[in-house]
Amino acid sequence: MRRPPALPMLLAATALAVVGCAAPAGTSGIPARFVVTQAGGLGELTVRPAIRPVAAAGERSLRSALISNGYNRHDIRHLVLALYTYDGGTETQVGQLDLLADYLDFGATFSRLKGNTTYRVRGFAYKAAGTAAQDLISYQDATTYAEIVLTDNETAPNANVPVKLIDVAPLVVTTLAGTTNGAAVDQPGSAARFNFPRGVAVDTSNRVYVADYNNARIRQISPTGAVATLAGNGGFGADNAPAGGDATFNFPIGLATDDTYVYVAEYGNDLIRRVAIADGATSTYAGDGVETFADGPAASASFFDPHGVAVAPDGTLYVADTGNHRIRKITTGGVVSTIAGTGGTAHVDGPGASAEFNSPRGIAIGPDGAIFVADTSHHAIRRLVPDGGGWRVTTLAGGSQGSQDGVGGQAGFNFPEALAVGANGYVYVADTNNHQIRMVAPNGGVRTILGGNPGADSDGLGPDAGFDFPTGLAVGLDGVIYVGDMLNGKVRRVL
């Protein structure tokens, strides 16, 4: 097949004249095509992959085309757009864009294109770049390209107008359950009520669990939106209970699940609790309820306002111990230890034993075993990786209060409280005080993906959606994102 070389660069435009786009022929995997449009002087290259060439109204997005063919959208590791000049029957590659999977939801820009030039754009998608056997989408014949002819007759008003690649199906925010904050009501969808839904977790069956903070309950939402109470009678306390019993909680705030249990970081009791999914039986997993710091056997260990929990494939539980400014570990054998943090509150990277955090709240585990932490009061996303017999802490992104996108320390956050990691290693962040959902690439690049209407209560396309202090975040195996939208009293689902 025609394969672009490794030549990543940004390349576009003066004035655009659209020539057209050929439909695919002779492709393998999922056939796709480019549709080129022009509106308001802005040339837009829109990827509209389809199972077969059909009218625009029937075309499907790259994501839906993948899913309908049995692929998870995270199967794609590279989407490459190769740019060629075309002159006298000869194509010469002059640049390309290599977009990782989750960047399919955003625009990409070719810049500094020359006038009086014909360009062609070809698209390729792989599980692994350069591995022909794993191609998912490809252009294999001479007719499958988008062709653009640039002229110079409108250079003044159209100089440096970008050419953008836009996915036709951006992320869409919907309400899975809840309407307003209030007393607990177990009903389907909008008839249900939460009171400050905080942490959320999702299992492999797409059942969502909610820390219903002010109702002192752990709630469960079916994939269709039906809400039930898994544990908690609404009273405030620390009572454990067998199946069907009257357990009590005191401001449950963070959740994680391994498909058998839901683990609860309990802010009010300084405990880590465990709830059996099968019957709601509740027990204390770690902590003595004393608001201080102590490692050791689970029953005598102490936490201080724990907020976040994450469970690893081997059953190890990690805790963002907020008031102690530490990251803790609970083994399946019931031993609590500290893997990072001294208790100091400076922004210090390095070995776990000397690293420092300031009120870490969110915690999540990546597919490679790395641990990600929302270092809330440092407005930063930290990453922990194994280092010899311990852990090494680095700052992935952020470190200053703000809302700007960027790479690494260029980006700003505003008291981020929750994290989730997708199957491809991208980190999703509930940037709580900005009322937005941000995405952090493995290289530290930050993009705002949801919440262009901060502080509002609105569903819709990602840029139009509104959240009001999102404090919980989870990502399912299918890439669907779930948000605990605290002040709106809702659990939102992002498709």
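Overview of the structure. None of these values were measured; they are calculated from a predicted model. (Residues numbered from 1 in each chain as written. Predicted model: local features only at pLDDT ≥ 70, side-chain atom pairs only at ≥ 80, totals over all residues. Heavy atoms only, no water.)

### A look at the overall build of the chain
Reasoning step 1: Secondary structure summary: the chain contains 2 helices and 38 strands in total.
Reasoning step 2: For the chain, the proportion of its 495 residues judged to be buried stands at 54%.
Reasoning step 3: With the model as given, the accessible surface of the chain reaches about 18,000 Å², and the carbon-plus-sulfur share is 51%. (Helix = DSSP H or I, 4+ residues; strand = E, 2+ residues; numbered from the N terminus. Buried < 20%, exposed > 50% of the residue type's maximum accessible area, 1.4 Å probe, protein only. Areas by Shrake-Rupley, 256 points an atom, 1.4 Å probe, with all protein chains shown as cover.)

### Let's talk about the sheet that holds strand β24 (residues 335-340)
Reasoning step 1: Judged by pairing direction, the sheet is antiparallel, and its 5 strands sit side by side in the order β20-β24-β23-β22-β21 without closing on themselves. Lying at the two open borders of the sheet, with one neighbouring strand each, are β20 (296-297) and β21 (306-311).
Reasoning step 2: As defined by bridge partners, β20 adjoins β24 across 2 bridges and the pair is classed as antiparallel. Paired with G296 across the bridge in β24 is V336. (Pairing = 2+ DSSP bridges.)

### Observations regarding the environment of H325
Reasoning step 1: Considering the arrangement of structural elements, one finds H325 in the loop between β22 (317-321) and β23 (326-330).
Reasoning step 2: Of the residues examined, H325 reaches a relative accessible area of 14% and is grouped as buried.
Reasoning step 3: In the structure, H325 is positioned 18 residues away from G343 in sequence and 5.1 Å away in space, judged by C-alpha atoms.
Reasoning step 4: Filtering out sequence-adjacent residues up to four positions away, H325 remains in contact with G341, G343, G344, T345, F357, N358, S359 and P360. (Contact = heavy atoms within 4.5 Å.)

### Overview of the side chain of R273
Reasoning step 1: Examined against the element boundaries, R273 turns out to sit in strand β18 (residues 271-276).
Reasoning step 2: Among the polar contacts listed, one links the side chain of R273 to the backbone oxygen of T248, at a separation of 3.1 Å. (Polar contact = N/O pair within 3.5 Å; in protein donor to acceptor, adjacent residues only side chain to side chain.)

### Description of the side chain of R219
Reasoning step 1: Looking at where R219 falls in the secondary structure, it is placed in strand β14 (residues 217-221).
Reasoning step 2: By relative accessible area, R219 is classed as buried at 0%.
Reasoning step 3: Separated by 2.9 Å, the side chain of R219 and the backbone oxygen of R193 make a polar contact.

### Quick word on the pairing of strand β29 (residues 390-398)
Reasoning step 1: The pairing of strand β25 (residues 350-351) with β29 spans 2 bridges and is antiparallel. Residue pairing across strands places P351 opposite R392, the latter belonging to β29.
Reasoning step 2: Sheet analysis places strand β28 (residues 380-387) next to β29, joined by 8 bridges and oriented antiparallel. Bridging from a neighbouring strand, P386 pairs with W391 of β29.
Reasoning step 3: Counting the residues that bridge the hairpin from β28 to β29 gives 2 residues, and of these G388 lies at a positive phi of roughly 65 degrees.

### Here's the deal with the packing of aromatic side chains
Reasoning step 1: Across all of its chains, the model carries 6 aromatic pairs by this definition.
Reasoning step 2: Aromatic pair Y261 and Y263: ring centres 6.3 Å apart, planes at 55 degrees, arrangement tilted.
Reasoning step 3: The interplanar angle of 70 degrees and the centroid separation of 5.3 Å between the aromatic rings of Y263 and Y285 together place this pair among those described as edge-to-face. Residue Y263 is located in strand β17 (residues 261-266), and its partner Y285 is located in strand β19 (residues 282-286); the two are separated by 22 residues in the primary sequence.
Reasoning step 4: The positively charged end of R326 is found above the aromatic ring belonging to F293, 3.7 Å away from the centroid. (Phe/Tyr/Trp six-rings, centres within 6.5 Å; stacked < 30°, edge-to-face > 60°. Lys NZ or Arg CZ within 6 Å of the ring centre and 35° of its normal.)

### Concerning the nonpolar core
Reasoning step 1: By size, the foremost hydrophobic cluster in this structure holds 19 residues, and its most contacted members are Y428, I437, I449, L450, L473 and I481.
Reasoning step 2: Looking at this core, the elements that each hand over two or more residues are β31 (418-421), β32 (427-431), β33 (436-440), β34 (445-450), β36 (470-475) and β37 (481-485).
Reasoning step 3: Setting aside anything within four residues of it in sequence, one finds I481 in contact with Y428, I449, L473, A474, V475, R492, R493 and V494.
Reasoning step 4: Counting 17 residues, the second-largest nonpolar core is a separate cluster that includes A298, V319, I330 and V336. (Core = buried A, V, L, I, M, F, W, Y, C linked by side-chain atoms within 4.5 Å.)

### Remarks on the sheet that holds β33
Reasoning step 1: Here 5 strands make up an open sheet; going across it, the order is β30-β34-β33-β32-β31 and the pairing antiparallel. Every other strand in the sheet has two partners, leaving β30 (406-407) and β31 as the edge strands with one partner each.
Reasoning step 2: In terms of strand pairing, β32 meets β33 through 5 bridges, oriented antiparallel. What sits directly across from Y428, in β33, is M439.

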